[in-house]
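Each chain, letter by letter, is given below.
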Amino acid sequence: MDQEIFGKVDHYISQMLAPEDEVLQETIKSLDTAEMPQISVTANQGKFLQVIALMCNAKRVLELGTLAGYSTIWLARSLPEDGKIVTIEFDPRHANVAKQNIKNAGLLDKVDIRVGKAMDIMLEIKEAKEEPFDLIFIDADKPPYTEYFEMALSLSHPGTVIICDNVIREGKVLDENSTDDRVIGVQRFNKLLASNKNVTATILQTVGVKEYDGMAIAVVK
Ligand code: SAM
């Protein structure tokens, strides 16, 4: 087994089950045009997020890390007429590119892009006593994943699903001596996930067109 077969099978699945329409293809192209990194979720992962959103009847979704809005569009497309996704992005340039892509997708009414640091904006949401979220997707900077998750719990209700991307990092999480702050961040987070009594959780390894990684999935008790 190697990366080549994982990539080919990823294409096989996405052609059948997660074909990208023009809006999603243009969103991926917009990253190159704006010289932004190609670090969106894959098409199959976008579809996976959609399936999870439908499984938990998500009406209110919170996303940390918008980038160009690729995962936001997949998620927003799973929402009912009166559904909403709040997506937080630190970089105003990324948020502007995302806004244009979300506009092209005809989803501006369902997407609330908030520009700022994820932790600050989550705190604002908490203080404003906004309704809890049904699904929370954590895909921003990795070092504070533990703090993001703990704050996400305070914005949840029993049954809320919390998904955290990139928690395996090509297996580097096995290296207890890693000095990479992203690896250390997800190692801390994975330990918290294992010991947290308020959720039932697991981690799925992810392979495909992108590097080998993993997504944590937790359901709030
Ligand atoms: N979810 C996106 C997708 O799949 O299309 C990809 C998100 S990308 C992996 C991470 C994003 O998080 C980047 O756009 C980055 O600017 C943003 N980010 C980094 N640190 C952040 C922070 N402290 N608060 C909010 N966003 C942050």
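All figures in this text were calculated on a predicted structure; none of them were measured in a lab. (Residues numbered from 1 in each chain as written. Predicted model: local features only at pLDDT ≥ 70, side-chain atom pairs only at ≥ 80, totals over all residues. Heavy atoms only, no water.)

Draft legend 1. Broad picture of helix α8 (residues 181-195). Under the 1.5 Å per step criterion, the end-to-end length of α8 is 21 Å for 15 residues, consistent within 8% with the ideal 21 Å. For α8, the full list of buried residues reads Val183, Gly185, Val186, Gln187, Phe189, Asn190, Leu192 and Leu193. The elements touched by buried residues of α8 are α7 (145-154), β5 (161-165), β6 (199-206) and β7 (213-220). The residue sitting at the N-terminus of α8 and contributing the capping side-chain oxygen is Asp180; that oxygen lies 2.7 Å from the backbone nitrogen of Arg182. (Helix = DSSP H or I, 4+ residues; strand = E, 2+ residues; numbered from the N terminus. Expected span 1.5 Å × (residues − 1). Buried < 20%, exposed > 50% of the residue type's maximum accessible area, 1.4 Å probe, protein only. Contact = heavy atoms within 4.5 Å. Polar contact = N/O pair within 3.5 Å; in protein donor to acceptor, adjacent residues only side chain to side chain.)

Draft legend 2. View of the pairing of strand β1 (residues 60-64). Within β1, five of the five residues are buried, leaving the element largely enclosed by the surrounding structure. Burial along β1 is two-sided: the residues Arg60, Leu62 and Leu64 and Val61 and Glu63 are all buried. As defined by bridge partners, β1 adjoins strand β2 (residues 84-89) across five bridges and the pair is classed as parallel. The partner of Leu62 across the bridge, within β2, is Val86. In this view, the connection linking β1 to its parallel neighbour β2 by way of helix α4 (residues 70-76) has right-handed handedness. (Pairing = 2+ DSSP bridges. Right-handed = clockwise from strand over helix to strand, strands pointing away.)

Draft legend 3. A look at the state of the cysteines. Throughout the structure, instances matching the rule amount to zero disulfides. The thiol sulfur of Cys164 is not disulfide-bonded, and the nearest other cysteine sulfur, from Cys56, lies at 14 Å. (Disulfide = S-S within 2.5 Å.)

Draft legend 4. Fine view of the packing of aromatic side chains. Under the counting rule described, the total for this entry stands at three aromatic pairs. Here Tyr145 and Phe189 contribute two aromatic rings whose centre-to-centre distance is 5.8 Å and whose plane-to-plane angle is 90 degrees, an arrangement assigned as edge-to-face. Of the two residues, Tyr145 is situated in helix α7 and Phe189 in helix α8; the sequence distance between them amounts to 44 residues. The exposure class of Phe189 is buried, given its relative accessible area of 0%. Between the aromatic rings of Phe149 and Phe189, the centroid separation amounts to 5.4 Å while the plane-to-plane angle is 70 degrees, which identifies the pairing as edge-to-face. (Phe/Tyr/Trp six-rings, centres within 6.5 Å; stacked < 30°, edge-to-face > 60°.)

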